[in-house]
Amino acid sequence: MKFAKRLSQVKPSATLAVNAKTLELRKQGIAVTSLAVGEPDFNTPAHIELAAKAAIDEHFTRYTDVAGIAEARSAACDYFRRIYGVESKPENIIISNGGKQVLYNLMLCLLDPEDEIIIPVPYWTSYPDMSLLVGAIPVYVPSDSTKEFKITTDDLEKIRTDKSKVLLLNSPSNPSGAAYTQAELNAILTWAIEHDIFVIADEVYDQLVYEPAKPASASLMWEKHKDKIAILNSVSKTFAMTGWRVGFGLASPELTKEMTKLQGQTTSNVSSIAQKALVSALSSSYDCIKIMKESFKKRRDYAHAEVSSWEGIVCPKPEGAFYLFPDVRALFTKEMPDASSLCTYLLEEAKVALMPGEAFGDPNCVRISYAVSDETLKNALAAIKKALYNK
Ligand SMILES: Cc1ncc(COP(=O)(O)O)c(C=O)c1O
């Protein structure tokens, strides 16, 4: 069967491919530990689950406004006010199927075929494929462990062209955990605004920033530059709600209207029940975030100390999200020349699944997720160390 040409450029999600391999081994009865996961190991907090149950009991099960119920859009405004002191209105908010759909809506609204979208490396694995799906040209800005996986306006200036239309900035970063300070973020946003480049800020990990680092957000600059910046966020990572598929976008009223038009012709509203869960998450106490964050910080400290003590490994200390992104190139050999082959070796030898850096544009690194229990993390890192160093 002949499929549409656009599909030939798109790869299946790398995360899903690793998960499939892990499941296959497990089916064969082999115990595999996955440190390839991209979601919190916590359950959704009980008060949020109860709100969803109440929605079903109240038969809140019909179509809603495409951009989300009024309560959900107001709750998203509350979030930006409570966390950052940023004022917005429901007309600035769209509720979509995860941050992922907000991002895809934004790309479809902002990019014409052949427009360039600037993507810092390492990047979240879906960015290039989504960009290609809308016909845009991804232009990559390299960074690496020596720069703590961050980019500067000098790096951006080197790749800017007349076709540069959008800059896609992710902080804290999946996969590196790098988190920009507010000053660094402001400098990049100012550069983009000066050059008429629209900034999409992916802030889905914004609440997972570990002290002394402080959360930073493009929303602070958005208040003054609403037609130059849009922010995508979601409850997936912050509230352990990955399966609910509910995210929110902050943008100008005009852009929100266009995204709503698009969403109305594609998926319509997010599940009415998931929207009620989002309302509960964003409007209640944020203490549940604190508890999860404390666990992640402890694990980050442990995993980072362990991995960076391994010979030849370079691993900047990540300030956010729940990943380490060590540079492992010192371990490459003729038989194991890149991160993918190293990950295959570790899956077979240590029975631990990691994500190869190729999925994020950096074949010298591997992504280690520490969103697993303390014991699982300890045992898995010990198994990796044994497989790599025989000790
Ligand atoms: C950087 C980044 N952005 C966006 C998303 C999408 O999150 P969701 O659609 O679950 O809100 C993810 C999920 O892994 C991510 O890591």
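Bear in mind the structure is a predicted one, so any value in this text is a computation, not a measurement.

(A) Region of the structure containing the pairing of strand β3 (residues 116-120). Burial within β3 is extensive, with five of its five residues counted as buried. Neither face of β3 is exposed, since E116, I118 and P120 on one face and I117 and I119 on the opposite face are all buried. Handedness of the crossover is the feature at issue here: the chain leaves β3, passes through helix α5 (residues 126-133), returns alongside strand β4 (residues 137-141), and the resulting connection is right-handed. As judged from the three bridges shared by β3 and strand β5 (residues 164-170), these two strands associate in the parallel manner. Each residue of the ladder has a partner; that of I117, found in β5, is V166.

(B) Structural context of the domain arrangement of the protein. In terms of domains, the protein is made up of domain 1 (5-43 + 288-389) and domain 2 (46-285). Relative placement of domain 1 and domain 2: their C-alpha centres are 25 Å apart. Each partner contributes residues to the interface: domain 1 has 36 residues there, and domain 2 has 33 residues. Of the roughly 3,100 Å² buried between domain 1 and domain 2, counting both surfaces, carbon and sulfur atoms make up 60%. For the domain 1 face of the interface with domain 2, the top three residues by lost area are K293, E319 and F360, together amounting to 20%. Linking domain 1 with domain 2 are one salt bridge, by the criterion used here. Between K293 and E211 there is a salt bridge, with its nearest N and O atoms 3.3 Å apart.

(C) Local environment of the layout of surface pockets. If you add up the space inside the largest pocket, you get close to 600 Å³. Lining the largest pocket we find 29 residues, and of these G38, K100, W124, K237 and T242 sit closest to its centre. For the lining of the largest pocket, the secondary-structure elements that each account for two or more residues are α1 (14-27), α4 (98-110), α5 and β7 (229-234). With four residues, the single largest contributor to the lining of the largest pocket is α4. Residue composition of the lining of the largest pocket, by class: ten nonpolar, 13 polar and six charged. Split by domain, the lining of the largest pocket shows at least three residues from each of two domains, domain 1 (5-43 + 288-389) and domain 2 (46-285). In this model, the second largest pocket occupies a volume close to 280 Å³. Grouping the amino acids of the lining of the second largest pocket by side-chain chemistry returns eight nonpolar, three polar and four charged.

(D) The arrangement of the site of the ligand in detail. Taken together, 14 residues lie near the ligand, and G99, D202, S234, K237 and R245 sit nearest. Between an oxygen atom of the ligand and a main-chain N or O atom of K100, the distance comes to 3.0 Å. K237 places a polar side-chain atom, nitrogen or oxygen, 2.7 Å from an oxygen atom of the ligand. Out of a free accessible area of 400 Å², the ligand has 93% covered by protein chains. One can see that the ligand is located within the largest pocket. Along the lines of polarity and charge, the residues of the shell around the ligand split into four nonpolar, six polar and four charged.

(E) The packing of helix α12 (residues 339-349) against helix α13 (residues 374-389), seen in detail. Following both chains from N to C, one finds α12 and α13 inclined at 110°, their axes separated by 10 Å at the closest point. Relative to α13, the element α12 is oriented roughly perpendicular. Crossing handedness for the pair α12 and α13: right-handed. Residues L342, Y345, L346 and E349 of α12 touch α13, and the partners they reach there are I384, A387 and L388. The residue makeup of the contact of α12 with α13, split by class, is six nonpolar, no polar and one charged.

(F) Region of interest: the nonpolar core. Core analysis: the biggest nonpolar cluster contains 65 residues, and L35, L103, L106, I200, L354 and L381 have the highest contact counts within it. Inspection of this core shows a minimum of three residues originating in each of domain 1 (5-43 + 288-389) and domain 2 (46-285). Non-local contacts of L354, meaning those with residues more than four positions away in its chain, are made with V18, L35, A36, C343, L346, V366, R367, I368 and I384.

(G) Local environment of the pattern of salt bridges. In the structure shown here, the tally under the stated rule is 17 salt bridges. For K276, the salt bridge goes to E71, with nearest N and O atoms at 2.9 Å. A residue pair is termed long-range when its members are at least 10 positions apart, and K276 in helix α10 (residues 272-283) and E71 in helix α3 (residues 70-84) qualify at 205 residues. Residue K276 is classed as buried on the basis of its relative accessible area of 18%. E71 sits in the partly exposed class, given a relative accessible area of 41%. Via salt bridges that share partners, D41, K298, R299 and D374 belong to a single interconnected network.

(H) Highlighting empty space enclosed by the protein. This structure, assessed with the given rule, holds four cavities of 30 Å³ or more. In this model, the largest cavity occupies a volume close to 140 Å³. Lining the largest cavity are 19 residues, with P120, P122, F149, N170 and S173 sitting closest to its centre. Taken together, the elements giving at least two residues each to the lining of the largest cavity come down to β3 and β5. A per-element tally of the lining of the largest cavity places β5 first, with three residues. Looking at the lining of the largest cavity residue by residue, the class counts come to 13 nonpolar, five polar and one charged. There is about 60 Å³ of room inside the second largest cavity. Along the wall of the second largest cavity there are 13 residues; nearest its centre are W310, V328, V366, I384 and L388.

Conventions adopted
- Residues numbered from 1 in each chain as written.
- Predicted model: local features only at pLDDT ≥ 70, side-chain atom pairs only at ≥ 80, totals over all residues.
- Heavy atoms only, no water.
- Buried < 20%, exposed > 50% of the residue type's maximum accessible area, 1.4 Å probe, protein only.
- Helix = DSSP H or I, 4+ residues; strand = E, 2+ residues; numbered from the N terminus.
- Right-handed = clockwise from strand over helix to strand, strands pointing away.
- Pairing = 2+ DSSP bridges.
- Domains from an automatic or database assignment.
- Contact = heavy atoms within 4.5 Å.
- Buried area = accessible area lost by both parts, 1.4 Å probe.
- Salt bridge = Lys/Arg side-chain N within 4 Å of Asp/Glu carboxyl O.
- 1 Å grid on protein atoms, 1.4 Å probe; cavity = no way out; pocket = protein on both sides within 12 Å on 5 of 7 lines; lining within 4 Å.
- Points joined across faces, edges and corners; volume = space filled by probe spheres on them.
- Nonpolar A, V, L, I, M, F, W, Y, C, P; charged D, E, K, R; others polar.
- Near = heavy atom within 4 Å.
- Polar contact = N/O pair within 3.5 Å; in protein donor to acceptor, adjacent residues only side chain to side chain.
- Areas by Shrake-Rupley, 256 points an atom, 1.4 Å probe, with all protein chains shown as cover.
- Sits in = over half its atoms within 2 Å of the grid points.
- Axes fitted to C-alpha atoms, helices over the stretch in contact; angles between N-to-C directions.
- Parallel < 35°, antiparallel > 145°, perpendicular 65-115°, else oblique.
- Left-handed = near helix turned anticlockwise from the far one by under 90°.
- Core = buried A, V, L, I, M, F, W, Y, C linked by side-chain atoms within 4.5 Å.

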